[in-house]
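Coordinate inspection notes
The residues making up each chain are set out below.
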2 protein chains.
Amino acid sequence: MKIYIEPIGKLINEFSKLPGVGAKTAQRFAYKVVNMTNEEANAFADAIINVKKNVKYCKICGNFSENEVCDICERRSNSTICVVKEPKDVIAIEKLNEFNGVYHVLHGTISPLDGIGPNDINVKSLLARISAGGVEEVIMATNPDVEGEATAMYITNLVKPLGIKVTRLAHGIPIGTDIEYADEVSLARAFVDRKTL
Amino acid sequence: MKIYIEPIGKLINEFSKLPGVGAKTAQRFAYKVVNMTNEEANAFADAIINVKKNVKYCKICGNFSENEVCDICERRSNSTICVVKEPKDVIAIEKLNEFNGVYHVLHGTISPLDGIGPNDINVKSLLARISAGGVEEVIMATNPDVEGEATAMYITNLVKPLGIKVTRLAHGIPIGTDIEYADEVSLARAFVDRKTL
């Protein structure tokens, strides 16, 4: 016999599609919803539907946006473009309140093993932005993994010949880490990229 | 400035109301929804609304049910009633495939510190079920904590005088635990409740 009644079973099934959510957690979430008021549950369901209805991609940078062009592209100078893999990287950088330029979201990185080539990520529009003029620096902020490095190299080779300054986020020992415990790759990188004081 | 665009911010806010979900996890969930197809997102939203619309409480046992009377009360003999705190305890016991009786869900345990008295939990209907006849045994399966024990005692004192057998789930060392690592309370309880072989 089925253990859950149908509406609860279905909701548990939906919740377990979320990343990192197993059967037990999905059950807790579903029971939480059962105990919500009707208004709370409706607000929850509406939020899900509204996200699908109202979230578009900015036609300039490719980040999530409510409008054709996102707030950041609308308001900031495009002299510095920070290239990231995903929209959540934009959030991480925006939280710093350090960077005042615009972004370019690739929606992926080149990964031949997964069949993702240069044409499968949002590169062409980056070149179009640069051709349109005004860009002085492109900061490569892809992840420091094989795919991220390869993508950074690929884009660098395309952008540098256009006379644009291309930079890469610094890699090294994270602040607050003892050298003793730093991972070997970061430590080796910190040696290679050491700075003159 | 706000970091998230409004629809995403709202959905993150909704997800972070779920138990154990912090800002970072809520963001991951929201991004997952953004990347769902429209059909998937609609199915998710519908599941939430349907749970509120179609989940009632069984008028006999108080468990979640799609109908007036739940499947379990409908189909099984009421000679043995297992009294539990919450609907999720029913699920845990049903998964065993060991118990063939019916349940009674208290929706709470007596907890004077939280202002929950005997009248705030689903006890009266239990007595009504017993008065209606046919009940031979009541198994107290409330949690082995202070509130659960107090509630079990309270109900026992009401039910036993009616000539009904009242039992309590056994407590002791969990199967698979080394005695060395068993918690002291369970170990002490295992001594008190030791069985003659």
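Residues numbered from 1 in each chain as written. Chains lettered and ligands numbered in written order. Predicted model: local features only at pLDDT ≥ 70, side-chain atom pairs only at ≥ 80, totals over all residues. Heavy atoms only, no water.

Examining empty space enclosed by the protein
Cut-off, in case you're wondering: Two kinds of site are reported from a 1 Å grid over the protein atoms alone, namely cavities, where a 1.4 Å probe fits but cannot get out, and pockets, open sets with protein on both sides within 12 Å along at least five of seven lines, and residues are called lining when an atom falls within 4 Å of a point. Grid points are joined across faces, edges and corners, and a volume is the space filled by probe spheres set on the points. Per the convention used, a helix needs a DSSP run of H or I reaching at least four residues, while a strand needs a run of E reaching at least two, with both numbered from the N terminus. Under the scheme applied, nonpolar residues are Ala, Val, Leu, Ile, Met, Phe, Trp, Tyr, Cys and Pro; charged residues are Asp, Glu, Lys and Arg; polar residues are all the others, including Gly.
All chains considered together, the criterion is met by 1 cavity of 30 Å³ or more. Around the largest cavity, the lining is made up of 16 residues, and of these Asn63 and Phe64 of chain A together with Ile3, Tyr4 and Ile5 of chain B lie nearest the centre. Listed by contribution, the elements that provide at least two residues to the lining of the largest cavity are α4 (71–75) and α5 (87–94) of chain A. At 4 residues, the largest contribution of residues to the lining of the largest cavity is made by α5 of chain A. In the lining of the largest cavity, the residues fall into 12 nonpolar, 1 polar and 3 charged.

Some points on the interface of chain B and chain A
For clarity, the cut-off: Whether two residues are in contact is decided by their heavy atoms: any pair within 4.5 Å suffices. What counts as buried area is the accessible surface, traced by a 1.4 Å probe, that two parts surrender upon association, with contributions from both included. Under the rule applied, a polar contact is a pair of N or O atoms within 3.5 Å (in protein, one hydrogen donor and one hydrogen acceptor; residues adjacent in sequence only if both atoms are side-chain atoms).
Each partner contributes to the interface: chain B provides 54 residues, whereas chain A provides 54 residues. Summing the contributions of chain B and of chain A, the shared interface buries around 4900 Å²; its carbon and sulfur component is 73%. Interface area lost by chain B to chain A is led by Ile48, Lys52 and Phe64 of chain B, which between them contribute 12%. On inspection of chain B and its partner chain A, the count reaches 4 residue pairs in polar contact (both at pLDDT 80 or more).

Thoughts on the layout of surface pockets
Over the atoms rolls a probe the size of a water molecule, and in doing so it shows where empty space is left. Residue and element names in this part refer to chain B. When its volume is computed, the largest pocket comes out at roughly 270 Å³. Taken together, 14 residues form the lining of the largest pocket, with Cys82, Ile93, Leu96, Ala141 and Leu169 sitting closest to its centre. Looking at the lining of the largest pocket, the element that brings in the most residues is helix α5 (residues 87–94), giving 3 residues. For the lining of the largest pocket, the residue count by class is 9 nonpolar, 2 polar and 3 charged.

Thoughts on the confidence of the model for chain A
Residue and element names in this part refer to chain A. What counts here: pLDDT gives the predictor's per-residue confidence on a scale running from 0 to 100.
When the pLDDT values of chain A are averaged, the result is 91; 99% of them are 70 or greater. Of all secondary-structure elements in chain A, the lowest mean pLDDT belongs to helix α8 (residues 184–192), at 84, while strand β4 (residues 102–105) reaches the highest, 96. Under the prediction, the complex receives an ipTM of 0.79, its pTM being 0.79.

Examining the domain arrangement of chain A
Much of the literature gives interface size as the accessible area that the parts lose upon coming together. What counts, and what does not: Domain boundaries shown here were taken from an automatic or database domain assignment.
Assigned domains of chain A: these are domain 1 (6–54) and domain 2 (69–196). A separation of 35 Å is found between the C-alpha centroids of domain 1 of chain A and domain 2 of chain A.

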